[in-house]
Amino acid sequence: MPPTITAFAQSPDRGRGLARDMPVRWAFEEVGQPYDVRLLSFSEMREAAHRRLQPFGQIPTYEEGDLALFESGAIVFHIAERHTGLLPDHATARARAITWMFAAVSTVEPPILDREVAMREDRDEAWYEERLPVLEDRVRMRLRELSSRLGDADWLDAAFSAGDLLMVTVLRRLKSSAILDEYSNLAAYVARGEARPAFKRAFDAQLAVFTGKPPAG
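Residues numbered from 1 in each chain as written. Predicted model: local features only at pLDDT ≥ 70, side-chain atom pairs only at ≥ 80, totals over all residues. Heavy atoms only, no water.

## With respect to the side chain of asparagine 185
Mapped onto the elements, asparagine 185 comes out in helix 8 (residues 184-195). We classify asparagine 185 as buried; its relative accessible area is 18%. Within polar-contact distance, the side chain of asparagine 185 engages the backbone oxygen of glycine 151 at 2.9 Å. Those residues in contact with asparagine 185 that sit more than four places away from it in its chain are Ser147, Leu150, Gly151 and Arg192. (Helix = DSSP H or I, 4+ residues; strand = E, 2+ residues; numbered from the N terminus. Buried < 20%, exposed > 50% of the residue type's maximum accessible area, 1.4 Å probe, protein only. Polar contact = N/O pair within 3.5 Å; in protein donor to acceptor, adjacent residues only side chain to side chain. Contact = heavy atoms within 4.5 Å.)

What follows is the structure, encoded as structure tokens:
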């Protein structure tokens, strides 16, 4: 039996590939492994049965036999360790790829999410207009540092890895703003990730949940 992951039955992102099951779907597609999806309503995510798998009531979860995991980054790491295609064989290169996985979710993503949450939830606050530029400056600082490190390379460390998968996933959260376009090499980097056939298959599968139409092809 293939592993089963959970995803939104009604995704808040309207199928734009920003929900947390997206990197997990992408990882499965990159390594060529099948998986099943159990869709959950928001009320089901709050129920005890789901919280036994995900104590914070979020998605995705991963179940395979007696193994249950949560947190998208941890699930991607598990998939990458079990199957070839997302982590280099050489121990040193493998360690660097894992470092980039942590950098994506622990260093680059937090300021992006802070900005996103403020724009969604704090617009009516008196301090919003003064606060937003501060949050955006913090995002730009991380992007400037990442842009400098990437330079004109295609990927973060030679070949595409799980580190790139998570980093592209994080940076895609900025596509609705003009901030990412200020760093042309990062915008091109995201575009390369989105051009990968495995990404397209994962994106189409997530979009199909929202539209109710099966993925093309």
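## Overview of the layout of surface pockets
Taken as a whole, the largest pocket encloses approximately 960 Å³ of empty space. Taken together, 31 residues make up the lining of the largest pocket; nearest its centre are Leu18, Leu113, Glu116, Arg120 and Arg173. Among the elements of the structure, helix 4 (72-82) and helix 5 (91-121) are those that each provide at least two residues to the lining of the largest pocket. With 9 residues, the top contributor of residues to the lining of the largest pocket is helix 5. (1 Å grid on protein atoms, 1.4 Å probe; cavity = no way out; pocket = protein on both sides within 12 Å on 5 of 7 lines; lining within 4 Å. Points joined across faces, edges and corners; volume = space filled by probe spheres on them.)

## Considering empty space enclosed by the protein
Evaluation of the coordinates by the stated rule reveals 3 cavities of 30 Å³ or more. The calculated volume of the largest cavity comes to roughly 100 Å³. Those elements that place two or more of their residues in the lining of the largest cavity are helix 5 and helix 7 (162-171). Sorting elements by how many residues they give to the lining of the largest cavity places helix 7 first, with 3 residues.

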